[in-house]
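Inside the fold
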Amino acid sequence: MEKFITIQSRAIPLSIENVDTDQIIPARFLKATDRKGFGDNVFRDWRFKKDGTVNEEFVLNDSKYSGHILVAGDNFGCGSSREHAAWALTDYGFKVVISSFFADIFKGNALNNGLLPVQVSADFLSELLSLVENNPETELEVNLEKQIISVKYSELSEDFEIDAYKKTCMINGYDDIDYLVNNKELIEAFEANKIY
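Small disclaimer: the values here were computed from a predicted structure and weren't measured. (Residues numbered from 1 in each chain as written. Predicted model: local features only at pLDDT ≥ 70, side-chain atom pairs only at ≥ 80, totals over all residues. Heavy atoms only, no water.)

1. Remarks on the sheet that holds strand β5 (residues 139-143)
Read across the sheet, seven strands follow the order β4-β3-β2-β1-β5-β6-β7 without closing on themselves; strand pairing throughout is mixed. Edge positions in the sheet fall to β4 (116-119) and β7 (157-159), since each has one partner strand and no second. Within this sheet the neighbouring strands show an average axis-to-axis angle of 25°, counted without direction. The sheet contact formed by β5 and strand β6 (residues 148-151) spans four bridges and is antiparallel. Along β6, the bridge assignment pairs Glu141 with Ser150. (Pairing = 2+ DSSP bridges. Helix = DSSP H or I, 4+ residues; strand = E, 2+ residues; numbered from the N terminus. Axes fitted to C-alpha atoms, helices over the stretch in contact; angles between N-to-C directions.)

So, in structure tokens, the structure goes:
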């Protein structure tokens, strides 16, 4: 995984609540086991019409919005526990998803794949969505080290929570195995001093 400490980026507003993993990546695209290429089909049934033409009304197809941050409605990532949803979002280019609530399994899958789920209050989310929708140039800063999300050139900011272990992994670019390998000497010292 890439190291994640701070990101400054414009954002894409997806003001839809209860977005489930089948909407993020439809089941018919889950045949591959390689993580690459899933971004091509992220939100497939919303990005394209049934005849395969681009749905110009969907926010990801609106050229005025861009960035590595997705600001989504409440209860993002609900539904089935497919890890492919996190793969699709990261492959598309997202580094952060902001919502007022995430499904637990989606949150775990996101963190395991280098996608930071930032859970904020409902009021803060509402302000963010409104700001980004009305001004696509709005830039957000997400500081994982300090656990703060803020709007550039404004007073608007909020702290967010994250599991300490997952924070360490993301800051260092570790997956679970990298974390263990990096702590090999500590583990060996512990084992050497253990009384059986």
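2. A look at the pattern of salt bridges
Per the stated rule, a full pass over the model turns up seven salt bridges. In this structure, Arg10 engages Glu137 in a salt bridge whose closest nitrogen and oxygen atoms are separated by 3.8 Å. One end of the pair, Arg10, is in strand β1 (residues 6-14); the other, Glu137, is in the loop between α5 (122-134) and β5, with 127 residues separating them in the sequence. According to the relative accessible area criterion, Arg10 is partly exposed, its value standing at 22%. In this structure Glu137 comes out as exposed when scored by relative accessible area, which is 53%. (Salt bridge = Lys/Arg side-chain N within 4 Å of Asp/Glu carboxyl O. Buried < 20%, exposed > 50% of the residue type's maximum accessible area, 1.4 Å probe, protein only.)

3. Some remarks on helix α4 (residues 104-112)
Listing the buried residues of α4 in full gives Phe106, Asn109, Ala110 and Leu111. Taken together, the buried residues of α4 touch α1 (21-24), α3 (84-92), β4 and α6 (164-172). Looking one or two places after α4, you find Gly114, whose phi comes out positive at around 80°. (Contact = heavy atoms within 4.5 Å.)

4. Topic: the nonpolar core
Phe43, Phe76, Leu89, Ile98, Phe106, Leu116 and Val142 are the most contacted members of the largest nonpolar core, which has 53 residues in total. The element contributing the most residues to this core is α5, with five residues. In this structure Val142 touches Phe4, Ile5, Thr6, Ile7, Ile69, Val96, Leu116, Val118, Ile148, Ile149 and Phe160, once residues within four positions along its chain are discounted. (Core = buried A, V, L, I, M, F, W, Y, C linked by side-chain atoms within 4.5 Å.)

5. Notes on the environment of Ala27
Here Ala27 shows up in the loop between α1 and α2 (44-47). Residues Ala27 and Ala110, 83 residues apart in the sequence, show an inter-C-alpha distance of 18 Å. Contact partners of Ala27, with chain neighbours within four places excluded, come to Asp22 and Arg82.

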